[in-house]
Amino acid sequence: MNLAKRKQLPKPPPVTPGWSRERRSLVPRAKARLSELPKQRIRQPTLFIVPPMEEREVEIAHFIGQVHRANDLDPNIPVVRELCRMRGYDGEQQRWFVLVYAAYHNLPSAVVALRLLGDRLASRGHILSVAPQLNELPVTVQRRVVSGHVAEYLAALVECIGDPTAPDRLQTFMDYGWSPEDRQRVWNKGRSEYYRYTLKPSPVLAQWRKFRRRWEKLPGQDGRWLTYETARLLRYVVGLPYKAPHLALRTQGLHQPAAALWRLYGYHSGWGTVVDRLAEMFRASLWRNEVAIEDWELIEFAIRKAVLYIDQRYYVGFGIDEMLSRINRLPELQPEERAELLQARAACFEPRYLGEVNDWSGVRRSLLPPREDFHLRLLRPVGSK
Amino acid sequence: MRNLFYLIGVPGAGKSTIFQRALKDIPVISEPRPFLHCVYPGGVQLGGLRESFSGTDTLPMNVQPNVLHWLSTTTCANIVAEGDRLANGQFFDAVVAQGWRLTVASLELPASIAATRRESRRSYQNPSWVRGRGTKVTNLVRAYVRPEWRMNALDPIDLLAKRLGDHPAFKGLPVESRQA
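Note that the coordinates shown come from a computational prediction; the quantities given were computed from them, not determined experimentally.

J.: Just to check I follow, could you spell out the overall build of chain A for this structure?
T.: Regarding its fold elements, chain A presents 23 helices and zero strands. By residue count, 51% of the 385 residues in chain A fall in the buried class. Restricting to contacts in chain A with at least 6 residues of sequence separation, those with at least 24 account for 69%. With the model as given, the accessible surface of chain A reaches about 19,500 Å², and the carbon-plus-sulfur share is 53%.

Here you go:
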């Protein structure tokens, strides 16, 4: 075939990979329909919404700074630490308290459970012997997956940990795989180290991944959230060097912070690397506005609180009041335990945020704008029974 | 009060090295927009970070209007910078007019030692251009640098870094890695 003839042949239709023949046939029809529409309508710009972080960056950072200074980013952590200090717990007891608290994620319930189980690693048989009482205690919404069978969850966890009578059993279980050099490197983390483990895998990141994989395989883990929560508690309460190098959204580790970031920046992307970048931008915006929160564990809380603030569903001290309402609503809590909890709260928070001092018993609705679906949106299920 | 600290000096004086030492233990986040800058807790360093020709040398030649506009709108209270790109009288005057408390520091050392340092890092710049930088720095020192901020580049690097770290613009806020 000569060149002139080849030019006369009709061109084959463009093929879009992955599209079926039927779907391809729809394209010309859709184009024809578009051409029938008036041009002005087609060129009309789409609705432009300014993302909150661009318009209200200073305001949001100021609010997060206030929440952080009030110890309200995660108010349970300082109280757990203070309780450990008040009771004079050693490392093993602290670790056990952390595990029990993480099972319920409800501080008064954890205190009652600790009374039933003892303040050291309990045996499987002992846990199952008090199972009815343990299973009746309320859990928070984050732990709804084990609601009603916390005892079975704890028994399975203890079985994974091993012989409870062995000395320092929990320490051996939790510190598995950490060399002294790794610990030192985490604590002495400088700028060069930061770049090293954010850009490429390093021993620190490898250890974090090892920790995560190990904990995710335990029974009753609802996704990766509890792994992060346990690591956070072990770090802040016991002082173990489990430090998340980022929010791990690039490996789809957590969904809630990702959803909150999409909301804040008006950019919805399922690509984890992009969402990680948004998290970094959020952290930078806090730093620019003199809110020096470095840890990703707290940044995750801050992201969520920022969205709640935009929705007018949070005020400074909300989490502290929520804890008080849980204390007041748990009948199993004995008077001395309640007094101990209130004493720990007094040591951790400023008096102006304490309801027991200023005469309120829970979340203050008067500080939030009235709304029709108020009771649905504001109150999280404290007892999910 | 908003603080802006700027370090000037001839090529090879050690500006970037001292900056890196002063901000050694502070984590930073690199932000590409509206121009490249590094955010650290409580402040911002203009320009990017790299092994050689760091700081404002990483910025394009026409960046000055963008930086001045950003400085007039930012809520950040502490800015630090080093390098040749923005070191000029027009920039410094505009910064002062915007209400920033400007501190210009200079690193001074003999020309022969600076030349040796440049050779050691393999930066073979045009000699007449280098002389021009020297003249520019000398003029800026006369106009903007207070005597206490004229620093000898031959002093120990830790001493110089500590001197910079004591300035309010570098202090920012202490990183609160744990809850109180």
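J.: Just to check I follow, could you spell out the packing of aromatic side chains for this structure?
T.: In this description, a pair of aromatic rings is defined by centroid distance and the angle of the planes. All names here are of chain A. Tallying each qualifying case throughout the model produces 13 aromatic pairs over all chains. Among the aromatic residues, those joined into a ring-pair cluster are Phe63, Tyr309, Tyr314, Tyr315 and Phe318. Between Arg364 and the ring centre of Trp360, over which it is positioned, the NZ or CZ distance is 3.7 Å.

J.: How should the packing of helix α5 (residues 57-69) of chain A against helix α18 (residues 272-288) of chain A be read in this particular structure?
T.: Any two packed helices are characterised by how steeply their axes cross, that is the angle between the axes, and by the distance between the axes. Residues and elements named next belong to chain A. Running from N to C, α5 and α18 point in directions that differ by 80°, and their axes come no closer than 9 Å. If you check the angle between α5 and α18, you find them roughly perpendicular. Where α5 abuts α18, its residues Glu57, Ala61 and Ile64 lie against Ser285, Leu286 and Arg288. When its residues are assigned to classes, the contact of α5 with α18 shows three nonpolar, one polar and two charged.

J.: I'm lost on the sheet that holds strand β5 (residues 78-82) of chain B in this one. Help?
T.: Two strands in a sheet stick together by hydrogen bonds in their backbones, pointing the same way (parallel) or opposite ways (antiparallel). Residue and element names in this part refer to chain B. The strand order across the open sheet formed by seven strands is β2-β3-β4-β5-β1-β6-β7, and the pairing between neighbours is mixed. Bordering the open sheet on either side are β2 (29-31) and β7 (145-152), each of which pairs with just one other strand. On average, each strand axis in the sheet is inclined to that of its neighbour by 25°, with strand direction left out of account. The sheet contacts of helix α2 (residues 64-73) involve β1 (3-9), β3 (37-40), β4 (43-46) and β5, and relative to β4 the element is tilted by about 170°. Contacts from helix α6 (residues 157-165) reach β1, β6 (101-108) and β7 within the one sheet, and its direction differs from that of β7 by about 150°.

J.: Please explain unusual backbone geometry as it appears in this structure.
T.: Leaving glycine out, the prevailing phi sign among residues is negative, and the prevailing peptide bond configuration is trans. At the junction of B:Arg33 and B:Pro34, the peptide bond is cis and its omega measures out at 0° in the coordinates. Note that B:Pro34 resides in the loop between β2 and β3. Although it is not a glycine, A:His105 sits at a positive phi angle of roughly 55°. Looking at where A:His105 falls in the secondary structure, it is placed in the loop between α7 (91-104) and α8 (107-117). Of the residues examined, A:His105 reaches a relative accessible area of 7% and is grouped as buried. Positive phi, close to 65°, is recorded for A:Glu290, a residue that is not glycine. By relative accessible area, A:Glu290 is classed as partly exposed at 36%.

About the criteria used
- Residues numbered from 1 in each chain as written.
- Chains lettered and ligands numbered in written order.
- Predicted model: local features only at pLDDT ≥ 70, side-chain atom pairs only at ≥ 80, totals over all residues.
- Heavy atoms only, no water.
- Helix = DSSP H or I, 4+ residues; strand = E, 2+ residues; numbered from the N terminus.
- Buried < 20%, exposed > 50% of the residue type's maximum accessible area, 1.4 Å probe, protein only.
- Contact = heavy atoms within 4.5 Å.
- Areas by Shrake-Rupley, 256 points an atom, 1.4 Å probe, with all protein chains shown as cover.
- Phe/Tyr/Trp six-rings, centres within 6.5 Å; stacked < 30°, edge-to-face > 60°.
- Lys NZ or Arg CZ within 6 Å of the ring centre and 35° of its normal.
- Axes fitted to C-alpha atoms, helices over the stretch in contact; angles between N-to-C directions.
- Parallel < 35°, antiparallel > 145°, perpendicular 65-115°, else oblique.
- Nonpolar A, V, L, I, M, F, W, Y, C, P; charged D, E, K, R; others polar.
- Pairing = 2+ DSSP bridges.

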